[in-house]
Amino acid sequence: MIQAQHLTKRYGAKTAVDDISFTVQPGRVTGFLGPNGAGKSTTMRMILGLDRPSTGSVTVSGRPYAQHRAPVHQVGALLDAKGVHPSRSAYDHLRAMAATHGIPRTRVREVIDLTGLGPVAHKRVGGFSLGMGQRLGIAAALLGDPQTIILDEPVNGLDPEGVLWVRNLTRQLAAEGRTVFLSSHLMSEMAQTADHLIVIGRGRLIADAPIREILDGGSSARIRVRTEEPARLAELLTGAGGHVTTAAGDALEASGLTTRQVARIALDHDVLVHELVPLQVSLEDAYMELTKDDVEYHSLELATEGR
Amino acid sequence: MTTTTLHHRGSAAIASGRVTFGRVLHAEWIKFWSLRSTAYLLLATVATMVCLGTLGAWGLTAAMDDGHPVTDAMIHALPSGGLTFGQLLIGALAVLFISAEYASGMIHATMTTVPARTPVLAAKALIIAAVSSVVGAGSALLTYAAVQPLLRPDGLDFALSTEGVAGSIARTGLYLALVALLALALGALLRSSAGGIVTLSALLLVLPTALSVISGDLAAEIAEYLPSNAGDQLVAIEIADDALTQLQGGLVMGAWALVPLLAAAVLLTRRDV
């Protein structure tokens with residue numbers, strides 16, 4: 001379990017992380033989502049004791065990371081896939097990390113096999129693809145068989161098979177009761193991997209909720225209805241407290257009502273409905289909606305006309 | 001992907017593994033020797049020192065043949081004659097031992113496995129000092145052996161048991177160890193390979209040369225306490241009247257190594273990685 005309390009990090013006048021508090025629970029995959037420069041990496045560095053918080057605190061399994069006497073057995077982390085000396089072999093890199101905790105070479109071999117690095121284990125890391133680098137980083141994170149796994153952008157640069165592998169691995173780790181915390185800016189990947197989402201933007205906490213809740217979008221969930229009497233149904237739905245957002249042709253989009261309520265209203269007033277669909281917000285939409293005010297670098301909307 | 005389990009078969013055994021200084025030392029030892037550049041730089045240091053010492057012997061015999069006076073002190077100092085350039089090579093290795101971790105991002109893995117941080121610097125210091133002293137003394141000994149055949153025709157060859165020679169060879173190792181510690185500290189303080197190596201070269205070569213062209217007592221006074229001069233005095237066999245003794249030279253050089261190293265240790269715990 002990771003617990004952050006009022007975590008703040010300032011670099012001079014710039015506040016990278018601004019008073020965020022959250023708890024990452026064991027037994028599920030928690031996604032850490034935010035635009036570039038939102039403070040994801042800084043937060044992860046503070047969790048791992050690499051950066052000192054300006055104010056606030058963060059603990060892993062009940063105590064600050066640096067106070068663990070065998071940290072690698074508590075927390076396994078992938079921060080920077082290229083964070084290996086390019087002239088060292090993957091095997092030697094892992095062997096050196098293992099040596100700090102007296103982890104035997106058999107375990108080094110195990111994580112190499114587990115991550116599929118066997119054929120390149122004795123090659124220089126400098127020649128690795130980004131995907132191979134990610135696998136090495138994940139191998140290092142698993143070395144101590146830790147209770148908590150922290151992965152910064154783990155699927156970055158992986159091929160589709162690798163992406164699927166990371167997804168299954170993280171889900172398996174969580175199913176074993178471990179705490180899994182992974183950051184990504186790939187929202188579609190998060191939608192398929194994470195159970196819970198923590199969203200930050202410009203250093204502030206925007207959302208901390210189960211992924212289902214974020215996808216449902218709370219009360220703003222929309223429903224599409226096709227009917228032969230759109231005008232009459234729109235009136236009826238509005239009268240029932242719903243909010244009809246668009247009406248084009250025979251289709252209506254309503255919010256503030258459940259599909260069941262819409263069907264009941266239509267039945268009661270004898271309106272024929274030939275389509276009734278709950279419109280699930282994609283994680284992308286939900287995320288854009290959440291972070292629209294908190295994106296640090298807005299791109300110029302040049303593509304608008306071409307759409 | 002594979003049938004290997006996530007768990008280690010002897011999970012209980014690895015779960016008890018705590019970070020100890022001995023283990024950090026072992027890890028740094030693996031890191032040190034698992035880079036090919038380590039062996040190359042060490043070999044280059046030995047080769048440079050032996051070649052320069054041998055050239056020195058050649059020069060001395062040539063000078064004597066031309067009728068110039070050659071003292072015993074000059075001849076007996078030949079084994080340590082290659083230090084001037086040897087120290088730069090081993091210094092570069094020592095800077096890289098830590099600065100390369102910052103350059104590659106490896107430092108994140110290093111400091112998350114050993115969050116106390118200072119044991120890492122201490123382990124690196126111990127390793128680089130031990131290796132450098134062996135390389136320094138070994139190179140001096142090899143140089144001693146290499147110059148004897150050149151000196152023999154002129155009857156200038158000398159025994160290892162000649163007064164002061166063995167001690168000077170041993171102190172050549174000590175000097176290289178202290179230079180390596182200074183270099184390691186610079187690498188840790190500046191966190192940059194280029195910055196560390198340039199600063200070290202400036203301190204060891206450029207500054208003494210610059211001060212020698214400035215006239216005045218102050219410049220001479222400062223030059224006396226620079227690592228290069230302190231090191232010369234440390235390995236010297238005969239000491240001029242107003243110069244630093246071997247012990248004084250050693251103490252000055254020790255300060256050059258330890259003060260930056262302590263500063264590096266303090267900053268290592270205070271700064272963000």
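Residues numbered from 1 in each chain as written. Chains lettered and ligands numbered in written order. Predicted model: local features only at pLDDT ≥ 70, side-chain atom pairs only at ≥ 80, totals over all residues. Heavy atoms only, no water.

## Quick notes on the overall build of chain B
What counts, and what does not: Elements are defined by DSSP. Helices are runs of H or I of four residues or more, strands are runs of E of two residues or more, and each kind is numbered from the N terminus. Burial status follows relative accessibility: with a 1.4 Å probe on protein chains alone, a residue under 20% of its type maximum counts as buried, one over 50% as exposed, and anything between as partly exposed. Contacts are assigned to residue pairs with any non-hydrogen atoms lying within 4.5 Å of each other. Accessible surface is estimated by sampling points in the Shrake-Rupley manner with a 1.4 Å probe; for residues, cover comes only from the protein chains shown. Within this scheme the basic residues Lys and Arg register as positive and the acidic residues Asp and Glu register as negative, but His and the chain ends are omitted. Charged side chains are reduced to one point each, which is NZ for Lys, CZ for Arg, CG for Asp and CD for Glu.
If you tally the helices and strands in chain B, you get 12 helices and 0 strands. Counting every position in chain B, which comprises 273 residues, the buried fraction comes to 47%. Excluding contacts between residues fewer than 6 apart, the proportion of contacts in chain B whose partners are at least 24 apart in sequence is 77%. Of the roughly 12100 Å² of accessible surface on chain B, a fraction of 68% belongs to carbon and sulfur atoms. Charged side chains of chain B number 12 positive and 16 negative; the gap between the two group centres comes to 31 Å.

## Things to note about the sheet that holds strand 4 (residues 55-60) of chain A
Residue and element names in this part refer to chain A. For clarity, the cut-off: Two strands pair if DSSP finds at least two bridges between them. For every element, the axis is a line fit to its C-alpha atoms; helices are fit only across the contacting stretch, and the angle between N-to-C directions ranges from 0 to 180 degrees.
Strand order across the open sheet formed by 3 strands is 2-1-4, with antiparallel pairing between neighbours. With one partner strand each, in any of the chains shown, strand 2 (14-24) and strand 4 form the two edges of the open sheet. In this sheet, adjacent strand axes meet at a mean angle of 20° when their direction is disregarded. Relative to strand 4, strand 1 (residues 2-11) runs antiparallel, the two being bridged by 5 bridges. Within strand 4, the residue paired with Gln5 across the bridge is Ser57. Against the sheet, helix 1 (residues 40-47) makes contact with strand 1, strand 2 and strand 4, and its axis sits at roughly 120° relative to strand 1, the strand it touches most.

## Looking at the pattern of salt bridges
Residue and element names in this part refer to chain A. In plain terms, the rule: Each salt bridge in this description consists of a side-chain nitrogen of Lys or Arg and a carboxyl oxygen of Asp or Glu lying within 4 Å of one another.
If you walk through the whole model with that rule in mind, you get 19 salt bridges over all chains. Taking the shortest distance from any N to any O, the salt bridge between Arg135 and Glu161 comes out at 3.7 Å. Here the residue Arg135 occupies a position in helix 5 (residues 130-142), and Glu161 occupies one in helix 6 (residues 160-175), the gap between them amounting to 26 residues. Several salt bridges share partner residues, and in doing so they unite Arg224, Arg226, Asp250 and Glu275 into one network.

## Some words on the pairing of strand 8 (residues 196-201) of chain A
All names here are of chain A. The buried fraction of strand 8 amounts to 6 of the 6 residues, a majority that puts the element mostly inside the structure. Across the two faces of strand 8 the burial is the same, with His196, Ile198 and Ile200 and Leu197, Val199 and Gly201 all buried. The sheet contact formed by strand 3 (residues 28-33) and strand 8 spans 4 bridges and is parallel. Note on strand 8: the bridge partner recorded for Phe32 is Ile198. Pairing of strand 8 with strand 9 (residues 204-210), which is carried by 6 bridges, proceeds in the antiparallel orientation.

## Description of the sheet that holds strand 7 (residues 179-184) of chain A
Residue and element names in this part refer to chain A. A sheet is described by the order of its strands in space; here 6 strands give the open sequence 5-6-7-3-8-9, paired in mixed fashion. Sheet topology places strand 5 (75-78) and strand 9 at the edges, where each strand pairs with a single neighbour. Direction aside, neighbouring strands of the sheet carry axes that sit 15° apart on average. On top of the sheet, helix 1 reaches strand 3, strand 6 (148-152), strand 7 and strand 8; it is set at about 150° to strand 7, its chief contact.

## Examining helix 4 (residues 105-114) of chain A
Residues and elements named next belong to chain A. Those residues of helix 4 lying buried are Arg107, Val108, Glu110, Val111, Ile112 and Leu114. Structurally, helix 4 contributes buried residues whose contacts are with helix 3 (90-99), helix 5 and helix 6. Note on helix 4: the residue one or two positions beyond its end, Gly116, has a positive phi of about 70°.

## Observations concerning the packing of aromatic side chains
The criterion, for reference: For this analysis, a ring pair means two rings from Phe, Tyr or Trp (six-membered ring only for Trp) whose centres lie within 6.5 Å, classed as stacked if their planes differ by under 30 degrees, edge-to-face if by over 60, and tilted for the remaining angles. Geometrically, a lysine NZ or arginine CZ counts as sitting over a ring once it is within 6 Å of the ring centre and also within 35 degrees of the ring normal.
Across all of its chains, the model carries 7 aromatic pairs over all chains by this definition. Where Phe22(A) meets Phe181(A), the ring centres are 5.8 Å apart and the plane angle is 35°; that geometry is what we call tilted. Within this pair, whereas Phe22(A) is found in strand 2, its partner Phe181(A) is found in strand 7, the two being separated by 159 residues in sequence. Since its relative accessible area comes to 0%, Phe181(A) is described here as buried. By way of ring pairs, the aromatic residues Trp29(B), Phe32(B), Trp33(B) and Phe97(B) are connected into one cluster. Over the ring of Trp165(A) we find Arg135(A); its NZ or CZ atom is 4.9 Å from the centre of that ring. Its end group placed over the ring of Phe97(B), Lys124(B) keeps NZ or CZ at 4.2 Å from the ring centre.

## Looking at the domain arrangement of chain A
Many authors give the size of an interface as the accessible area that is lost as the parts come together. As a reminder, the rule being used: Where each domain begins and ends is defined by an automated method or by a domain database.
Taken domain by domain, chain A holds domain 1 (2-210) and domain 2 (222-279). Between the C-alpha centres of domain 1 of chain A and domain 2 of chain A the distance comes to 46 Å.

## Concerning the packing of helix 7 (residues 118-151) of chain B against helix 12 (residues 246-270) of chain B
Residues and elements named next belong to chain B. Stated formally: Each angle gets one of four labels, with under 35 degrees taken as roughly parallel, over 145 as roughly antiparallel, 65 to 115 as roughly perpendicular, and the rest as oblique. With the far helix as reference, a near helix turned anticlockwise by less than a right angle produces a left-handed crossing, and one turned clockwise produces a right-handed crossing. Any residue outside Ala, Val, Leu, Ile, Met, Phe, Trp, Tyr, Cys, Pro, Asp, Glu, Lys and Arg is labelled polar, Gly included; the first ten of those are nonpolar and the last four are charged.
One can describe the packing of helix 7 onto helix 12 by two numbers: an axis separation of 9 Å at closest approach and a directional angle of 150°. Relative to helix 12, the element helix 7 is oriented roughly antiparallel. Considering how the two elements wind past one another, helix 7 and helix 12 form a crossing that is right-handed. On helix 12, the residues that touch Thr118, Leu121 and Ala125 of helix 7 are Leu261, Ala264, Ala265, Leu268 and Thr269. Grouping the amino acids of the contact of helix 7 with helix 12 by side-chain chemistry returns 6 nonpolar, 2 polar and no charged.

## Digging into the interface of chain B and chain A
Applicable threshold: Once two parts are joined, some of their accessible surface, as seen by a 1.4 Å probe, is lost; buried area is that loss totalled over both. As used in this structure description, the phrase polar contact means that two N or O atoms lie within 3.5 Å; if the pair is within protein, one of them must be able to donate a hydrogen and the other to accept it, and residues adjacent in sequence are counted only when both atoms belong to side chains.
Counting residues at the interface gives 39 residues for chain B and 55 residues for chain A. Both sides together, the interface formed by chain B and chain A hides about 3900 Å², and carbon and sulfur atoms give 59% of it. Scanning the region where chain B abuts chain A turns up 1 salt bridge. A salt bridge links Asp272(B) to Lys9(A), with the shortest nitrogen-to-oxygen separation between them at 2.6 Å. The interface formed by chain B and chain A includes 13 residue pairs in polar contact (both at pLDDT 80 or more).

## What about a nonpolar patch on the surface?
All names here are of chain B. Selection criterion: Candidates for patches are residues over 30% relative accessible area with no salt bridge; among them, like charges are joined within 9 Å and nonpolar side chains (Val, Leu, Ile, Met, Phe, Trp, Tyr) within 5 Å.
A cluster of nonpolar residues, Leu55, Trp58 and Leu150, forms a patch on the protein surface that exposes about 330 Å² of accessible area. For Trp58, the position within the fold is in helix 3 (residues 36-65). A relative accessible area of 58% places Trp58 in the exposed class.

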